[in-house]
Amino acid sequence: MKQLEERILQDGHVLGENILKVDSFLTHQVDFQLMKEIGQTFAEYFQSAGITKVVTIEASGIAPAIYTAEALNVPMIFAKKAKNITMLDGILTAEVYSFTKQVTSTVSIASKFLNNRDRVLIVDDFLANGQAAKGLVDIIQQAGAEVEGIGIVIEKSFQDGRTLLEKAGQKVVSLARIEHFENGKVVFKEADL
Ligand code: G4P
């Protein structure tokens, strides 16, 4: 997605060896026009897949996921990272290990929001090691639902996430793919869309 790549080059900041800061349009302040384009791009690609729900994980996945859900005219569900006192029973959970933060957290979705007739599109802001997406796949499969694809806004292709997910039989579609960082600059490889 050319527009996204240009925005990353213009406003993204490379931090250290492998982190891209995009807080001015994606992970903190959100550019809704860009999110709308992102949503429409995913929706167009998955138009004929019979998607019934879009699933993401809080927090930064929510913005691209909601616009994708709007474009597909289906509900968006975000997995929760913290225990919620109103979620008493009927919860589907998965353990997600963050290599970045070196902590394992339990993510959850109320089972009433997913069923075995659902065809789900997962959307997330970053794909690094793939642990968050793997956890979402796990939860969706516990509900007996089908994962039709995983839409990623920014994939860091030098990390293992895509390989992990593809080995598990998942289709990954990324709007920007970062091959590596060079002297604090982003070098892209060809994106999927
Ligand atoms: P993984 O899910 O692919 O295994 O990723 P990892 O554990 O390495 O990343 C943990 C968190 O860091 C995730 O957000 C992920 O989106 C984010 N992240 C990974 N690489 C980058 C990066 O280069 N830049 C930015 N800005 N974020 C990155 P999270 O903890 O779930 O946070 P949030 O969505 O609540 O903000």
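The structure presented is a predicted model; accordingly, all values stated were derived computationally and were not measured.

So, on to the side chain of serine 174. In this fold, serine 174 is placed in strand β9 (residues 172-182). Within the structure, the side chain of serine 174 is placed 2.6 Å from the side chain of glutamate 155, a separation counted as a polar contact. Ignoring sequence-local partners within four residues, the contact set of serine 174 consists of Ile152, Glu155, Arg162, Ala191, Asp192 and Leu193.

Attention shifts here to the site of the ligand. As a matter of local geometry, the ligand sits amid 19 residues, with Leu20, Lys81, Thr100, Lys101 and Gly130 nearest to it. Taking serine 60, its side chain carries an N or O atom lying 2.9 Å from an oxygen atom of the ligand. In this structure, an oxygen atom belonging to the ligand sits 3.1 Å away from a main-chain N or O atom of alanine 132. Contact with the protein chains covers 83% of the free accessible surface of the ligand, which is 720 Å². When residues of the shell around the ligand are traced back to their parent elements, those giving at least two are β2 (19-21), β7 (119-127) and α4 (131-142). For the shell around the ligand, the residue count by class is seven nonpolar, seven polar and five charged.

As recorded in UniProt, the feature "binding site: 5-phospho-alpha-D-ribose 1-diphosphate" (unreviewed entry) lies at Ala128, Asn129, Gly130, Gln131 and Ala132. Within the secondary structure layout, asparagine 129 lies in the loop between β7 and α4. Given a relative accessible area of 16%, asparagine 129 falls into the buried group. Along the chain, glycine 130 turns up in the loop between β7 and α4. Ignoring any residue separated from it by four or fewer positions in sequence, one finds glycine 130 in contact with Gly161, Leu164 and Leu165.

This next bit is on the packing of aromatic side chains. Inspection of every chain in the model, using the stated rule, returns three aromatic pairs. An angle of 85° between the planes, with centres 5.1 Å apart, marks the rings of tyrosine 97 and phenylalanine 99 as edge-to-face. With a relative accessible area of 45%, phenylalanine 99 lands in the partly exposed category. For the ring pair phenylalanine 158 and phenylalanine 181, a centre distance of 5.5 Å and an interplane angle of 70° mean the geometry is edge-to-face. Separated by 23 residues along the polypeptide, phenylalanine 158 in the loop between β8 (146-156) and α5 (161-167) and phenylalanine 181 in strand β9 bring together distant segments of the chain.

Cut-offs and rules
Residues numbered from 1 in each chain as written. Predicted model: local features only at pLDDT ≥ 70, side-chain atom pairs only at ≥ 80, totals over all residues. Heavy atoms only, no water. Helix = DSSP H or I, 4+ residues; strand = E, 2+ residues; numbered from the N terminus. Polar contact = N/O pair within 3.5 Å; in protein donor to acceptor, adjacent residues only side chain to side chain. Contact = heavy atoms within 4.5 Å. Near = heavy atom within 4 Å. Areas by Shrake-Rupley, 256 points an atom, 1.4 Å probe, with all protein chains shown as cover. Nonpolar A, V, L, I, M, F, W, Y, C, P; charged D, E, K, R; others polar. UniProt positions renumbered as here; feature names shortened; annotations may be inferred. Buried < 20%, exposed > 50% of the residue type's maximum accessible area, 1.4 Å probe, protein only. Phe/Tyr/Trp six-rings, centres within 6.5 Å; stacked < 30°, edge-to-face > 60°.

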